[in-house]
Amino acid sequence: MKIALIAMSGVRVRTEELAKLGVTLPGFVNRGKVVASLPSLGLLTVAGLTPGEHEVKYIEFDDLPPEGTPLERFDLVGISSFTARINAAYRLADRYRQMVVPVVLGGIHVSLRPDEAEAHADAIVVNGAEGAWPQLLKDFEAGQMKKRYIGATDQVFSPDLYSFPRFDLLKGRPYNRLTVQTSRGCPLNCEFCAASVRITKKFQQKPVELVINEMEAALKVAEHPFFELADDNTFVNKAWGKEFLKAVTPLKLHWFTETDISVADDEELLNLLAKSGCRQILVGLESPDPRALHGMNPNDWKARRQATYLESIRKIQSKGITVNGCFIVGLDTDTPETIKYIKDFVDESELIETQITVSTPFPGTPMWQRMKDAGRLLYSEYNDRCTLFDVNFQPVKMTVDELDQGIQWLFTNLYSEQEFLKRKRRYMDIVKNLEET
Amino acid sequence: MEDLATATELRKLIFELTKADVTQVGPSEDLMDTLGLDSLSGLRLLALVEKKFSVRFQDEELTSLRSIEALVLAILRARSVTAGSKS
Ligand code: SF4
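Computed from a predicted structure; not experimentally measured.

Things to note about the overall build of chain A
Regarding its fold elements, chain A presents 17 helices and 14 strands. Taken over the C-alpha trace, chain A has a radius of gyration of 22 Å; the compact-globule value for 437 residues is 22 Å, and the two agree within 12%. With respect to the principal axes defined by its C-alpha atoms, chain A has extents near 60 × 50 × 40 Å. Classification of the 437 residues of chain A by burial places 60% in the buried group. For chain A, the exposed area adds up to about 18100 Å²; of that, 51% sits on carbon and sulfur atoms. Of the charged side chains in chain A, 53 are positive and 60 negative, and the gap between their average positions amounts to 1 Å.

If you want it as structure tokens, here you go:
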């Protein structure tokens with residue numbers, strides 16, 4: 001059987017002013033380009049779960065012929081997308097189904113909005129593919145494919161469910177960044193989060209040995225790849241973290257991951273992290289204002305940590321590991337002054353990189369439900385406006401216009417050429433001060 | 001002469017840092033692309049070059065220092081500025 005697995009990445013900002021700014025601000029363009037250039041680890045895992053007798057082709061959506069042009073024929077097509085591009089995924093699914101090619105849809109958006117997705121697919125996979133895809137294939141071959149398959153939410157890295165991602169499918173492709181996953185889920189459970197926490201019962205960590213095996217396999221398909229760990233919070237378990245760092249250091253890689261600010265509490269972990277080739281950690285700081293953080297997590301974790309932000313950032317960066325501090329604009333306590341405060345905080349903290357996004361109630365998240373119940377969603381259908389840069393809801397303490405203007409002001413002031421160079425220089429000065437240099 | 005010696009020292013430093021065979025890298029070749037350096041590793045290299053050669057590049061030129069040739073010229077320029085300001 002010939003199976004196509006089609007990945008969709010990258011977003012297009014809808015707000016015209018922001019889109020214009022986006023192409024002129026180096027700090028903004030860079031990260032966007034990086035995200036758009038990552039292969040879909042989810043689909044490589046689906047390929048790994050596919051029995052060897054089937055032929056699998058991995059395709060990037062943007063490499064497909066445009067609408068109105070014939071598509072290559074397959075026996076089965078699997079498509080994975082996130083919210084901002086799900087409408088394009090639905091249109092592609094409709095094109096294949098018109099050719100009488102059966103389509104399976106999966107991914108986080110599909111898991112959170114299964115009824116919506118089902119209208120465009122012969123079958124959908126809810127949650128991860130582990131525990132669902134192998135059965136789906138068997139049923140398909142027997143002519144008995146069901147409408148909906150529910151993947152596992154627990155023990156996804158256990159021998160029964162785990163599969164080795166098919167990195168070999170990327171051979172010959174121009175990826176210089178590769179992804180490997182070490183964990184799924186995040187115990188912080190932020191109200192707005194639309195990441196793997198929504199498809200996992202509890203935080204799950206892959207054995208170190210498996211992670212290293214995957215990295216070694218990935219190294220065979222790309223020369224000098226930069227690794228991005230496809231995790232939401234890598235260092236939840238510090239003991240696991242140290243074991244992993246000791247194992248990854250001999251590979252002499254350069255890599256990036258996402259985690260929380262508590263890494264700064266553990267000096268030994270930080271030293272191992274610095275030695276391991278980790279170039280950057282992305283940390284969801286969300287806001288420098290503790291009032292905005294209040295109620296964000298069930299146990300107020302982020303609100304309680306806010307007082308340590310400045311010192312923690314300084315500590316991490318002093319080791320030569322850059323922090324990409326992420327802030328959300330438009331939280332319920334935010335006013336136009338909060339936006340200026342974010343800029344002041346970024347300056348004071350000397351963050352080497354900053355990511356600003358607008359508060360986004362992703363369909364299916366608790367935040368979306370709360371905003372929906374309060375009648376605060378501005379559009380009844382807005383999947384393709386979930387770009388993280390377009391305002392989709394009624395803010396509490398400012399108008400939509402004020403929020404839009406505020407984001408543009410922040411972008412202009414944080415991502416200009418001058419700021420970009422200032423951060424480069426800051427990083428170089430840190431490196432020069434490191435003992436080993 | 002001075003630029004040849006600088007280029008040799010520079011190649012040595014790049015090798016120490018990246019362990020890549022820099023003898024094969026042409027003077028005007030893009031180091032980031034050829035050696036597969038990500039942007040932060042590129043900045044690390046610039047920082048170490050500054051430290052080793054006791055110079056400080058202009059912030060505005062950081063983005064364009066991507067080849068051995070460009071680096072050598074920038075080192076010589078920075079040295080002459082330092083020497084000039086001392087005299
Ligand atoms: S800390 Fe990040 S990954 Fe974890 S729940 Fe919050 S937003 Fe999601």
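So, the sheet that holds strand E12 (residues 278-286) of chain A
All names here are of chain A. What the six strands build is an open sheet, ordered E7-E10-E11-E12-E13-E14; its pairing is parallel. Each having just a single partner strand, strand E7 (177-180) and strand E14 (353-358) make up the two edges of the open sheet. The mean inter-strand angle of the sheet, taken between neighbouring strand axes irrespective of direction, is 20 degrees. Pairing between E12 and strand E13 (residues 322-329): six bridges, direction parallel. Bridged to Gly 284 within E13 is Cys 326.

Here's the deal with the interface of chain A and chain B
Facing the 18 residues of chain A at the interface are 19 residues of chain B. Here chain A meets chain B over a buried area of about 1800 Å², counting both sides, of which 59% is carbon and sulfur. A per-residue breakdown of the area chain A buries against chain B is headed by Arg425(A), Met428(A) and Lys432(A), which together make up 32% of the total. Counting the contacts that link chain A with chain B gives eleven residue pairs in polar contact (both at pLDDT 80 or more). Elements with a minimum of two residues in the side of chain A that touches chain B: E12 and helix H17 (417-433) of chain A. When residues of the side of chain A that touches chain B are assigned to their parent elements, the largest contribution, nine residues, is made by H17(A). Counted by class, the side of chain A that touches chain B contains six nonpolar, six polar and six charged residues.

Some thoughts on the site of the ligand
Taken together, Cys186(A), Leu188(A), Asn189(A), Cys190(A), Phe192(A), Cys193(A), Asp232(A) and Lys302(A) make up the full set of residues near the ligand. Taken together, the residues of the shell around the ligand break down into five nonpolar, one polar and two charged.

Some words on the side chain of Glu60(A)
All names here are of chain A. Relative to the elements of secondary structure, Glu 60 occurs in strand E2 (residues 55-60). A relative accessible area of 11% means that Glu 60 is categorised as buried. Sequence-distant contacts of Glu 60, defined by excluding residues within four places in its chain, comprise Ala 7, Ser 9, Leu 38, Pro 39, Arg 173 and Tyr 175.

Rules and cut-offs
Residues numbered from 1 in each chain as written. Chains lettered and ligands numbered in written order. Predicted model: local features only at pLDDT ≥ 70, side-chain atom pairs only at ≥ 80, totals over all residues. Heavy atoms only, no water. Helix = DSSP H or I, 4+ residues; strand = E, 2+ residues; numbered from the N terminus. Rg over C-alpha atoms; globule rule 2.2 N^0.38 Å. Buried < 20%, exposed > 50% of the residue type's maximum accessible area, 1.4 Å probe, protein only. Areas by Shrake-Rupley, 256 points an atom, 1.4 Å probe, with all protein chains shown as cover. Lys, Arg positive; Asp, Glu negative; His and termini not counted. Charge placed at Lys NZ, Arg CZ, Asp CG, Glu CD. Pairing = 2+ DSSP bridges. Axes fitted to C-alpha atoms, helices over the stretch in contact; angles between N-to-C directions. Contact = heavy atoms within 4.5 Å. Buried area = accessible area lost by both parts, 1.4 Å probe. Polar contact = N/O pair within 3.5 Å; in protein donor to acceptor, adjacent residues only side chain to side chain. Nonpolar A, V, L, I, M, F, W, Y, C, P; charged D, E, K, R; others polar. Near = heavy atom within 4 Å.

What is shown is where atoms sit, not what they do.
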